Amino acid sequence: MNLAWLDEGTTLFADYVEAVGWAQRYARRNRDLMMEQVVSTMRGVLAIPFRADLVTVSCHHNYVEEHGGLYLTRKGAVSAKLGELGIIPGSMGAKSFIVRGLGHPESFESCSHGAGRRMSRGAAKRAFTVGDVRAQTAGVECRKDAGIIDELPGAYKDIDAVMGAQRDLVEVVATLKALVCVKG
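We now turn to the structure provided with this report. Bear in mind that the values here come from a model prediction, so they are computed numbers and not experimental data.

1. Quick word on the overall build of the protein
Reasoning step 1: For the protein, the helix and strand inventory stands at four helices and seven strands.
Reasoning step 2: Counting from the amino terminus, helix and strand elements in the protein follow one another as α-β-β-β-β-β-β-α-α-α-β.
Reasoning step 3: Over its C-alpha atoms, taken along the principal directions, the protein stretches across nearly 55 × 45 × 30 Å.
Reasoning step 4: A buried classification covers 31% of the 184 residues belonging to the protein.
Reasoning step 5: Across the protein, contacts joining residues at least 24 apart in sequence account for 64% of those joining residues at least 6 apart.
Reasoning step 6: Accessible surface computed for the protein: about 12000 Å², of which carbon and sulfur atoms make up 58%.

Okay, structure coming up:
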């Protein structure tokens, strides 16, 4: 097996860490701007006043982070440091979770960032139909066309089983029901 790496202390390593940091800051700012737009739009549409400044949970995934002198690539995982809030989404149409990290050292204070695929995108496209899209996303406002077949709940692992498998990594703070799902 051929593995690739960058040696710490080299220019390439420093450039990589700088570029990854920039990308993560860019993604964070993008999430902040999207939230501002959502809150602004909701205030313009809803007839009742509401507060949107109580708690913000901003949780990115597929990123690099320094952890105890090591650089971790959290692919398919998010930080679950002790007391840290995070989001673990289910598939489109499935429930999602707001969690609080338990800081488990053997997981490098990490947990899964979602249900995870049980089918490849190609297998899902072969297995499901537009009728399945409508059935699996009933009650959720979202696209109901062939372009999102590979994102159906049936293509993903059962989110309840995933959450059960990481009870020692996170505490569930809230369970969210999908109402709207936006897929490119």
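2. Notes on the side chain of Ser96
Reasoning step 1: Tracing the backbone shows Ser96 in strand β5 (residues 96–101).
Reasoning step 2: A polar atom in the side chain of Ser96 sits 3.1 Å from the backbone nitrogen of Gly90.
Reasoning step 3: With sequence-adjacent residues up to four places away left out, Ser96 is seen in contact with Ile88, Pro89, Gly90, Ala174, Thr175 and Leu176.

3. Observations concerning the sheet that holds strand β7 (residues 170–176)
Reasoning step 1: Taking strand neighbours across the sheet as the criterion, the three strands line up as β4-β5-β7 in an open arrangement whose pairing is antiparallel. Edge positions in the sheet fall to β4 (85–88) and β7, since each of these pairs with one other strand and no more. Within the sheet, the average angular offset between the axes of one strand and its neighbour, ignoring direction, is 30 degrees.
Reasoning step 2: Sheet topology places β4 next to β5; four bridges connect them, and they run antiparallel. Residue pairing across strands places Ile87 opposite Ile98, the latter belonging to β5.

4. Focus: the packing of aromatic side chains
Reasoning step 1: Tallying each qualifying case throughout the model produces two aromatic pairs.
Reasoning step 2: Centroid distance Trp22 to Tyr26: 5.3 Å. Interplanar angle 20 degrees. Geometry classified as stacked. Taken together, the positions of Trp22 and Tyr26, both in helix α1 (residues 11–45) and four residues apart, correspond to about one turn of that helix. For the pair formed by Trp22 and Tyr26, the shared burial category is exposed.

5. Things to note about the pairing of strand β2 (residues 70–74)
Reasoning step 1: Of the pairings in the sheet, the one linking strand β1 (residues 63–67) to β2 comprises five bridges and is antiparallel in character. Residue pairing across strands places Tyr63 opposite Arg74, the latter belonging to β2.
Reasoning step 2: Taken together, β1 and the strand that follows it, β2, pair antiparallel across an intervening segment of two residues, in which Gly68 is found at a positive phi of about 60 degrees.

6. Observations concerning unusual backbone geometry
Reasoning step 1: Not every positive phi belongs to a glycine, and Phe108 is a case in point at roughly 55 degrees.
Reasoning step 2: For Phe108, the location among the structural elements is in the loop between β5 and β6 (110–112).
Reasoning step 3: Phe108 sits in the partly exposed class, given a relative accessible area of 39%.

7. Considerations on a nonpolar patch on the surface
Reasoning step 1: Together, Met35, Val38, Met42, Val45, Leu46 and Ile48 make up a nonpolar patch on the protein surface, roughly 570 Å² of accessible area in all.
Reasoning step 2: Relative to the elements of secondary structure, Leu46 occurs in the loop between α1 and β1.
Reasoning step 3: Look at Leu46 and you get partly exposed, because its relative accessible area is 39%.

8. Considering the side chain of Asp150
Reasoning step 1: Looking at the secondary structure, you find Asp150 in the loop between α3 (130–136) and α4 (159–165).
Reasoning step 2: What makes Asp150 buried here is its relative accessible area of 8%.
Reasoning step 3: Polar side-chain contacts of Asp150 include one of 2.7 Å to the side chain of Arg121.
Reasoning step 4: Once you skip the residues sitting within four places of it in the chain, Asp150 turns out to touch Arg117, Arg121, Ala124, Lys125, Ala155 and Tyr156.

About the cut-offs
Each chain has its residues counted from 1, running along the sequence as written. In view of the model being predicted, local features appear only for residues whose pLDDT reaches at least 70, and side-chain atom pairs are presented and counted only at 80 or more, with totals across whole chains, interfaces and linings using the full set of residues. Neither water nor hydrogens contribute to the side-chain values; these are computed over all heavy atoms in the structure. Put simply, DSSP H or I for four residues or longer makes a helix, DSSP E for two residues or longer makes a strand, and each gets a number counted from the N terminus. Between buried and exposed lies partly exposed: a residue is buried under 20% and exposed over 50% of the maximum accessible area for its type, with that area taken using a 1.4 Å probe on protein chains only. Residue contacts follow a heavy-atom distance rule, with two residues in contact if any of their heavy atoms lie within 4.5 Å. Accessibility throughout is a Shrake-Rupley quantity obtained with a 1.4 Å probe, and a residue counts as covered only by protein chains that appear here. Two N or O atoms count as a polar contact when they lie within 3.5 Å, although within protein this holds only if one can serve as hydrogen donor and the other as acceptor, and sequence-adjacent residues are included solely when both atoms are side-chain atoms. In short, DSSP must find at least two bridges between two strands for them to pair. As a rule, the C-alpha atoms of each element are fitted with a line to give its axis, helices using only the stretch in contact, and angles between N-to-C directions run from 0 to 180 degrees. Any two rings among Phe, Tyr and Trp, with Trp reduced to its six-membered ring, count as a pair given centres within 6.5 Å; such a pair is stacked if its planes are under 30 degrees apart, edge-to-face if over 60, and tilted if neither. Each patch is built from salt-bridge-free residues with over 30% relative accessible area, joining like charges within 9 Å and nonpolar side chains (Val, Leu, Ile, Met, Phe, Trp, Tyr) within 5 Å. Basic side-chain nitrogens of Lys or Arg form a salt bridge, by our definition, when they fall within 4 Å of a carboxyl oxygen of Asp or Glu.

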